[in-house]
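Residue strings, one per chain:
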Amino acid sequence: PVATAEQPTHPPHNSQPLPLPPSVPPAAMAMESLGVLLLHPMNAYLEQELDSRFRLFRFWDSPPDGRAEFLRANSSAIRAVVGNAGYNADAALIDALPSLEIVASFSVGIDRVDLPKCRERGIRVTNTPDVLTDDVADLAVGLAIAALRKIPQADRYVRAGLWKAKGDYTLTTRFSGKRVAILGLGRIGLAIAKRAEAFGCSISYHSRSEKPFPNYKFFTNVVDLAANCDVLIVACSLNAETHHMVNRKVMDALGPDGVLINIGRGALVDEPELVSALLEKRLGAAGLDVFEHEPFAPEQLFSLDNVVLVPHVGSDTEETCKAMADLVLKNLEAHALNKPLLTPVP
Amino acid sequence: VALLAVVATLKLATMAAAGGKPAVLLLRPVDAPFAAALRDRFRVLDLYAPGQALPALAFVAAAAAVPEPPRATVIWGGVRVDASFLDAAPSLRCVVSTAAGLDHIDLAECARRGVAVANSGEVYSTDVADYAVGLLLDVLRRVSASERYVRRGSWAAQGDYPLGSKLGGKRVGIIGLGNIGSRIAKRLEAFGCIIHYNSRKPKDSVSYKYFPNVHELAAESDVLVVACALNKATRHIVNKDVLEALGKDGVVVNIGRGANIDEAELVIALREGKIAGAGLDVFEHEPKVPAELFSMENVVLSRHVAVLTEESRSDLRAHTIGNLEAFFSGQPLLTPVHADSLAQ
């Protein structure tokens, strides 16, 4: 029998004493024994660290038709799940993992985590707020400027060898001074407001409740918000109340000179309505980081020059992904060591 | 001042009423609203009038020979105002340029002849600053590159696009802290950037860190933004040494003039990974763009459109008319340029 720190064996009578066991700190053991299921190869550094600090299970190691078996085989070991914006702990997964104690999401949005089921099972949930606020806000403004000033369009034009004459251009419209409306004045919404203000933009918003910012005009409904702005930026979280919040009425109110920017979740906007509004020129322009069925963006938009489409890159910088990964790791560590979680979802 | 303004208005009104609207030599194409605004106030001698076939200098000489020849001209960057131009139209006492830069005007020669020069003032500054920020965000966050990826169906087929780089916390070195550079600084501060700059002289009114030369600026910056005028001192101000000092994680944004950067060296630096990326609205030999850039994912290419918005168009119209009216009523120009001021 191998001696452990907790259970030293007594040396048998008349023999040499057994060598002392290697001392394995309880903390490291607690961490190494935490089985973590990573749902998707979302970040190499995160995966590497999960593997070295915990007991890592990679969901994609099992073939798509072998997933149920994979979960069954490892269900007693898996006590944690790491998901992200696209792949997370839904009801089916939670049901398949009876030992699940914590879901640590590599994202701030957790619309794909079945929160009621987690609450019911006493499963704790953590996300990655704050560390990605700046990058997402930066992208929102970057998309607004790109859409209004048609930067990707200019880049395409030049790369296609179409720039033949010096005076060849189309007039676009100025970003500075535009009326910017923000749907959701949380951390990200506020960071967007601060940046837009530096461009002389006026700020209005809609939120569940009015916030203590007298310089920002509060609207109680989204249609009025859209009717009174030039650029509408969607920055709220996705839940049952906000699903398809930006609907046809809102887009018509925003109008043929209006610009819609979405850095929240695709399903905050009625995507088929968005496509027809753009194709029929009822909506002026759009800058989209998120879509209802990622990684599929509506192909009907690909031929339009007044749309900027990026593949959910809101927090996709080296700096921020590392910070997000570290936060996931620290939350899991805290859980393993019975310490307070850093960023639990209430 | 109020009395002077009344006198000026009367003088202008008298000339118009007498059918003697002052003559203006128009040497750039203008859109319909601009043309109408000019014709309402002035007798316009239009190089670009339909049917007008004389080449520019011949037209200028012909205009100079009419009774009551034009004392003011409206030009753009394509018109070289030098000794031979001024010789062709000795009646000119005022040049109003609608261009953003002044590299096409021999300011010393104008000063020698007592010809006043007005520039476009701050008409373009906001749009150019916005565009610079847009280009920088595009390069760092790969907006145009990842857009191409989506449009060709690669997101579904190949997965996530490679990571970009965070703007917040970057040290941005602005070359030229004039009307445009200062607006860029103010905007980027809101994104959490640290502003460094080089200018002919340090500016007491700002707290940004000043660098006496562009090499030192580049050595302590993550981003270089070219926002200065083009003149003898600033030609190729971003050269091979500066690019090396900027380093392999550095990004260059140019909304000045193509010739502010040694373009051949820039292409080499990008090809060899000596810098991380570039956002370029201007090139040394427009509309020629080095073809090697077309296949680079870390470069954003634009076609000299940083000033071109509806708003700057109408601002320019109002501003140009304002300068002309000031001149003809004996008032100081709104935005006079002096030979020694060299823009910033």
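Source: prediction; values computed, not measured.

**Considerations on the overall build of chain B**
At step 1: The helix and strand inventory of chain B stands at 13 helices and 13 strands.
At step 2: Its C-alpha atoms give chain B principal-axis dimensions of roughly 70 × 45 × 35 Å.
At step 3: Across the 344 residues that make up chain B, the buried fraction comes to 54%.
At step 4: A separation of at least 24 residues holds for 61% of the contacts in chain B among residues at least 6 apart in sequence.
At step 5: Summed over its atoms, the accessible surface of chain B is roughly 14,200 Å², and 56% of this surface lies on carbon and sulfur atoms.
At step 6: One way to put it: in chain B the 37 positive side-chain charges average out to a point 2 Å from where the 37 negative ones average out.

**Describing the overall build of chain A**
At step 1: When its secondary structure is counted, chain A shows 12 helices and 12 strands.
At step 2: Oriented by its inertia axes, the alpha-carbon framework of chain A measures out at about 100 × 50 × 40 Å.
At step 3: Within chain A, buried positions represent 54% of all 346 residues.
At step 4: Partitioning the intrachain contacts of chain A with sequence separation of at least 6 by distance along the chain shows that 56% fall at a separation of at least 24.
At step 5: Summed over its atoms, the accessible surface of chain A is roughly 15,700 Å², and 54% of this surface lies on carbon and sulfur atoms.

**Some details on the UniProt feature "domain: D-isomer specific 2-hydroxyacid dehydrogenase NAD-binding" (unreviewed entry) in chain A**
At step 1: The UniProt entry lists residues 141-314 of chain A under the feature "domain: D-isomer specific 2-hydroxyacid dehydrogenase NAD-binding" (unreviewed entry), expressed in the numbering used here.
At step 2: As a span, residues 141-314 of chain A carries 29% helix and 16% strand, and end to end its C-alpha atoms are 11 Å apart.

**Some thoughts on the interface of chain B and chain A**
At step 1: Between chain B and chain A, the contact holds 57 residues from the first and 61 residues from the second.
At step 2: Roughly 5,300 Å² is buried in total at the junction of chain B and chain A, and carbon and sulfur atoms are behind 58% of that figure.
At step 3: Measuring nitrogen to oxygen at the nearest pair gives 3.7 Å for the salt bridge that ties Lys166(B) to Asp134(A).
At step 4: Counting across the chain B and chain A interface gives 31 residue pairs in polar contact (both at pLDDT 80 or more).
At step 5: Elements with a minimum of two residues in the side of chain B that touches chain A: α6 (125-141), α7 (143-151), α8 (154-158), α9 (179-189), β12 (299-301) and α13 (310-328) of chain B.
At step 6: Among the elements that make up the side of chain B that touches chain A, the one with the highest residue count is α6(B) (10 residues).

**Structural notes on the nonpolar core**
A general feature of soluble globular proteins is that nonpolar side chains tend to end up buried together.
At step 1: Ranked by internal contacts, the top residues of the largest apolar core, which has 114 residues, are Leu46(A), Leu50(A), Val82(A), Ile263(A), Leu332(A) and Leu188(B).
At step 2: When residues in this core are grouped by element, the largest group, 11 residues, is from helix α6 (residues 133-149) of chain A.
At step 3: Setting aside its immediate chain neighbours within four residues, Leu46(A) contacts Leu38(A), Val82(A), Phe106(A), Ala325(A), Val328(A) and Leu329(A).
At step 4: One finds Leu183(A), Leu254(A), Val269(A) and Ala145(B) within the second-largest nonpolar core, a separate group that totals 38 residues.

**A word on the UniProt feature "domain: D-isomer specific 2-hydroxyacid dehydrogenase NAD-binding" (unreviewed entry) in chain B**
At step 1: In the numbering adopted here, UniProt assigns the feature "domain: D-isomer specific 2-hydroxyacid dehydrogenase NAD-binding" (unreviewed entry) to residues 133-306 of chain B.
At step 2: A helix fraction of 32% and a strand fraction of 16% characterise residues 133-306 of chain B, whose end C-alpha atoms lie 11 Å from each other.

**A short note on the sheet that holds strand β12 (residues 307-309) of chain A**
Residues and elements named next belong to chain A.
At step 1: Overall, parallel pairing links the 7 strands, which are arranged β8-β7-β6-β9-β10-β11-β12 in an open sheet. Since the sheet does not close on itself, it has two edges, and those belong to β8 (217-218) and β12, each with one partner.
At step 2: Relative to β12, strand β11 (residues 285-288) is paired through 3 bridges, and the arrangement is parallel. Considered in β12, the bridge of Ala286 is made with Val307.

**Comments concerning unusual backbone geometry**
At step 1: Following Glu294(A), the chain continues to Pro295(A) via a peptide bond in cis, the omega torsion being 5°.
At step 2: The omega torsion across Glu286(B) and Pro287(B) is 0°, close enough to zero to call that bond cis.
At step 3: Position of Pro287(B) among the secondary structure elements: in the loop between β11 (277-280) and β12.
At step 4: Notably, Lys150(A) is not glycine yet its phi reads approximately 55°, a positive angle.

**Focus: the domain arrangement of chain B**
All names here are of chain B.
At step 1: According to the domain assignment, chain B contains domain 1 (1-121 + 310-342) and domain 2 (124-301).
At step 2: Distance from the C-alpha centre of domain 1 to the C-alpha centre of domain 2: 35 Å.
At step 3: Taken together, the contact pairs 12 residues of domain 1 with 7 residues of domain 2.
At step 4: Buried area between domain 1 and domain 2, both sides added, is near 790 Å², and the carbon and sulfur share of it is 45%.
At step 5: The interface formed by domain 1 and domain 2 contains 1 salt bridge.

**Here's the deal with the packing of α6(B) against α9(B)**
Residues and elements named next belong to chain B.
At step 1: For the pair α6 and α9, the least separation of the axes is 8 Å and the interaxial angle reads 50°. Taken together, the axes of α6 and α9 lie oblique to each other. Once α6 is placed against α9, the crossing between them reads as right-handed. Facing Ser125, Thr126, Val128, Ala129, Asp130, Ala132, Val133 and Leu136 of α6, the residues of α9 in contact are Asn179, Ile180, Arg183, Ile184, Arg187 and Leu188.
At step 2: Across the contact of α6 with α9, the residue classes tally to 8 nonpolar, 3 polar and 3 charged.

**Focus on the pattern of salt bridges**
All names here are of chain A.
At step 1: All chains considered together, the criterion is met by 43 salt bridges over all chains.
At step 2: Linking Asp305 and Arg156 is a salt bridge whose minimum nitrogen-to-oxygen distance equals 3.2 Å. A residue pair is termed long-range when its members are at least 10 positions apart, and Asp305 in the loop between β11 and β12 and Arg156 in helix α7 (residues 151-159) qualify at 149 residues.
At step 3: Overall, the relative accessible area of 39% leaves Asp305 in the partly exposed class.
At step 4: Overall, Arg156 belongs to the partly exposed group, its relative accessible area being 23%.

**Overview of the UniProt feature "domain: D-isomer specific 2-hydroxyacid dehydrogenase catalytic" (unreviewed entry) in chain B**
At step 1: In the UniProt entry, the feature "domain: D-isomer specific 2-hydroxyacid dehydrogenase catalytic" (unreviewed entry) is given for residues 72-337 of chain B.
At step 2: With 36% helix and 15% strand, residues 72-337 of chain B has its two end C-alpha atoms placed 15 Å apart.

Parameters at a glance
Residues numbered from 1 in each chain as written. Chains lettered and ligands numbered in written order. Predicted model: local features only at pLDDT ≥ 70, side-chain atom pairs only at ≥ 80, totals over all residues. Heavy atoms only, no water. Helix = DSSP H or I, 4+ residues; strand = E, 2+ residues; numbered from the N terminus. Buried < 20%, exposed > 50% of the residue type's maximum accessible area, 1.4 Å probe, protein only. Contact = heavy atoms within 4.5 Å. Areas by Shrake-Rupley, 256 points an atom, 1.4 Å probe, with all protein chains shown as cover. Lys, Arg positive; Asp, Glu negative; His and termini not counted. Charge placed at Lys NZ, Arg CZ, Asp CG, Glu CD. UniProt positions renumbered as here; feature names shortened; annotations may be inferred. Buried area = accessible area lost by both parts, 1.4 Å probe. Salt bridge = Lys/Arg side-chain N within 4 Å of Asp/Glu carboxyl O. Polar contact = N/O pair within 3.5 Å; in protein donor to acceptor, adjacent residues only side chain to side chain. Core = buried A, V, L, I, M, F, W, Y, C linked by side-chain atoms within 4.5 Å. Pairing = 2+ DSSP bridges. Domains from an automatic or database assignment. Axes fitted to C-alpha atoms, helices over the stretch in contact; angles between N-to-C directions. Parallel < 35°, antiparallel > 145°, perpendicular 65-115°, else oblique. Left-handed = near helix turned anticlockwise from the far one by under 90°. Nonpolar A, V, L, I, M, F, W, Y, C, P; charged D, E, K, R; others polar.

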